[in-house]
Amino acid sequence: MSPTTAASRRAVLARVIPFALYIVFLVISAPLAELAGLDVRWMYAVQIACVIAALLYFQRDYVELREAPPPGPLSGAAGWVAALLSGALVWAIWIWLDFSPFAFAPGKGYQPLDEAGALILPMVVIRIFGAAVVVPVMEELFWRSFVQRWLDSPNFLAVAARSVTLRSMLFCSIAFGFEHGQWAAGIVAGLAYGQLYRASGRLWLPIVSHALTNLLLGLWVVHTAQWQFW
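This one's a predicted model, so the numbers in the text were calculated from it and none came from an experiment.

> In this structure, what is going on with the overall build of the protein chain? I would like to understand it.
Assigned secondary structure in the protein chain consists of 7 helices and 0 strands. Along the protein chain, helices (α) and strands (β) appear in the sequence α-α-α-α-α-α-α when read from the amino end. Expected size for 230 residues packed as a compact globule is a radius of gyration near 17 Å; at 18 Å, the protein chain falls within 12% of this value. Principal-axis analysis of the C-alpha atoms gives the protein chain an extent of 55 × 40 × 30 Å. A burial count over the protein chain gives 43% of its 230 residues as buried. For the protein chain, long-range pairs separated by at least 24 residues make up 73% of all intrachain contacts whose partners lie at least 6 apart in sequence. Per element, the accessible surface of the protein chain, about 11,300 Å² overall, is 72% carbon and sulfur.

> Just to check I follow, could you spell out the side chain of Ser168 for this structure?
Take Ser168: it is sitting in helix 5 (residues 166-177). For Ser168, a relative accessible area of 0% translates into the label buried. Excluding anything up to four places from it in sequence, Ser168 contacts Gln148, Leu151 and Asp152.

> Is there a simple way to explain the environment of Tyr62 in this structure?
Structurally, the position occupied by Tyr62 is in the loop between helix 2 (43-57) and helix 3 (77-96). Along the primary structure Tyr62 and Ala20 are separated by 42 residues, whereas in three dimensions their C-alpha atoms are 17 Å apart. With residues up to four places along the chain from it excluded, the contact list for Tyr62 reads Ala14, Arg15, Pro18, Ala54, Leu55 and Leu141. For Tyr62, the side chain forms a polar contact with the main-chain oxygen of Ala14, separated by 2.6 Å.

> What is the right way to read helix 5 from this model?
For the α-helix, the turn length of 3.6 residues means that residues three or four positions removed from each other point alike. In a regular helix each residue adds 1.5 Å, so 12 residues correspond to 16 Å; helix 5 covers 16 Å between its end C-alpha atoms and thus fits that length. Taken together, the buried positions of helix 5 are Ser168, Met169, Cys172, Ser173, Phe176 and Gly177. On an axial view of helix 5, the arc spanned by its buried residues comes to 160 degrees, and they lie on one face. Against helix 4 (121-150), helix 6 (183-200) and helix 7 (204-224) lie the buried residues of helix 5.

> Quick question: what am I supposed to make of the packing of aromatic side chains here?
Each aromatic ring pair is described using two quantities: the centre-to-centre distance and the angle formed by the ring planes. Scanning the model with the defined rule gives 18 aromatic pairs in all. Arranged with centres 4.9 Å apart and planes meeting at 85 degrees, the rings of Tyr57 and Phe58 form a pair that is edge-to-face. The class of Tyr57 is exposed, set by a relative accessible area of 57%. A centroid spacing of 5.6 Å and a plane angle of 90 degrees characterise the contact between Phe99 and Phe102, whose relative ring orientation is edge-to-face. Of the aromatic side chains, those joined through ring pairs into one cluster are Phe19, Phe142, Trp143, Phe146, Trp150, Phe156, Phe176 and Tyr193.

> Looking at this structure, I do not really get a nonpolar patch on the surface. What am I missing?
On the surface, Phe104, Leu170, Phe171, Ile174, Phe178 and Leu191 cluster together into a nonpolar patch covering about 520 Å² of accessible area. Ranked by residue count, the leading element in the nonpolar patch is helix 5, at 3 residues. Note on placement: Phe104 falls in the loop between helix 3 and helix 4.

> Sorry if this is basic, but what is going on with helix 3 here?
In this model helix 3 runs 29 Å from its N-terminal to its C-terminal C-alpha over 20 residues, within 8% of the 28 Å that 1.5 Å per residue would give. What helix 3 keeps buried is the set Gly79, Ala82, Ala83, Ser86, Gly87, Val90 and Trp94. Take helix 3 and look down its axis: the buried residues cluster within an arc of 135 degrees, on one side only. More than 90 degrees from the buried face of helix 3, the exposed residues found are Ala77, Leu85, Leu89 and Trp96. The secondary structure elements touched by the buried residues of helix 3 are helix 6 and helix 7.

> Help me understand the pattern of salt bridges in this model?
Applying the stated criterion to the full structure yields 5 salt bridges. Residue Glu64 is joined to Arg15 by a salt bridge in which the shortest nitrogen-to-oxygen separation is 2.9 Å. Residue Glu64 is found in the loop between helix 2 and helix 3, and its partner Arg15 is found in helix 1 (residues 3-36); the two are separated by 49 residues along the sequence. For the pair shown, Glu64 and Arg15 are each scored as buried. For Arg41, the salt bridge identified is with Asp39, shortest N-O distance 2.7 Å.

About the criteria used
- The numbering scheme is per chain: residues are counted from 1 as the chain's sequence reads.
- Side-chain atom pairs in this predicted model are given and counted only at pLDDT of 80 or more, local residue features only at pLDDT of at least 70, and totals for whole chains, interfaces and linings cover all residues.
- As a convention, hydrogens and water are excluded, and side-chain values are obtained from all of the structure's heavy atoms.
- Elements are defined by DSSP. Helices are runs of H or I of four residues or more, strands are runs of E of two residues or more, and each kind is numbered from the N terminus.
- Throughout, radius of gyration means the C-alpha value; the globule benchmark is 2.2 Å times the number of residues raised to the power 0.38.
- Burial classes follow relative accessibility: with a 1.4 Å probe on protein chains only, a residue under 20% of its type's maximum area counts as buried, one over 50% as exposed, and anything between as partly exposed.
- A contact between two residues is defined here by any heavy atoms of the two lying within 4.5 Å.
- Throughout, the Shrake-Rupley method with a 1.4 Å probe supplies accessible areas, and for residues the shown protein chains are the sole cover considered.
- Pairs of N or O atoms are called polar contacts if they sit within 3.5 Å, as long as, within protein, a hydrogen donor faces a hydrogen acceptor (for residues adjacent in sequence, only side-chain-to-side-chain pairs).
- Expected span of a helix: the number of residues minus one, times 1.5 Å.
- The arc refers to the directions leading from the helix axis to the C-beta atoms.
- Pairs were defined over the aromatic rings of Phe, Tyr and Trp, the Trp ring being its six-membered one, requiring ring centres within 6.5 Å. Orientation was assigned from the angle between planes: stacked under 30 degrees, edge-to-face over 60, tilted for the rest.
- Surface patches are defined over residues having more than 30% relative accessible area and no salt bridge, joining like charges when they lie within 9 Å and nonpolar side chains (Val, Leu, Ile, Met, Phe, Trp, Tyr) when within 5 Å.
- When a carboxyl oxygen of Asp or Glu is within 4 Å of a side-chain nitrogen of Lys or Arg, the pair counts as a salt bridge.

Written out as structure tokens, the structure is:
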């Protein structure tokens, strides 16, 4: 294997493995918890810990997180304002567009409650931390930085964020949407985060926007007990 091929393969793995770990845990958490005699809800902490470990292992490969912002209308404070406004708007659409046929039938969701119905605060903190801090980094590295650019060229690192085609952004956003129960709102979110990346050339803007969406959603879920959104 040539050094170029090895570097290219590592670049893909660095963005796929954290996301793959997260998805695999969605499947194996219940049987693992049963095997270990644990409350399955604590498996979320293990899931997030594994994703963090993978992100730290590959941290030197995430060049898009260290790049200087290119000049443009979203290169300064305007970019952060756009990210925050987009994040808040996506949250509002997410909790509104939760009816059929725009969302799959909801499950019970993650319910951090004890037998008396009181909140288990460590579970709440871990869930919000995972959703608002870890997941946005992991998912934006996978969906926007990797998939959205890879759809234009297998040599995705050579594809400038601003040159990503609308076709690639649309296909990526549709796939991102169907990863979630609220598939229609998920597509809107994918388009919002994808356009932030295309317009600014900075992955940190969709990460921050995604983080705000998930933070607001987490706080709203805890406040209203609408656990199906988790």
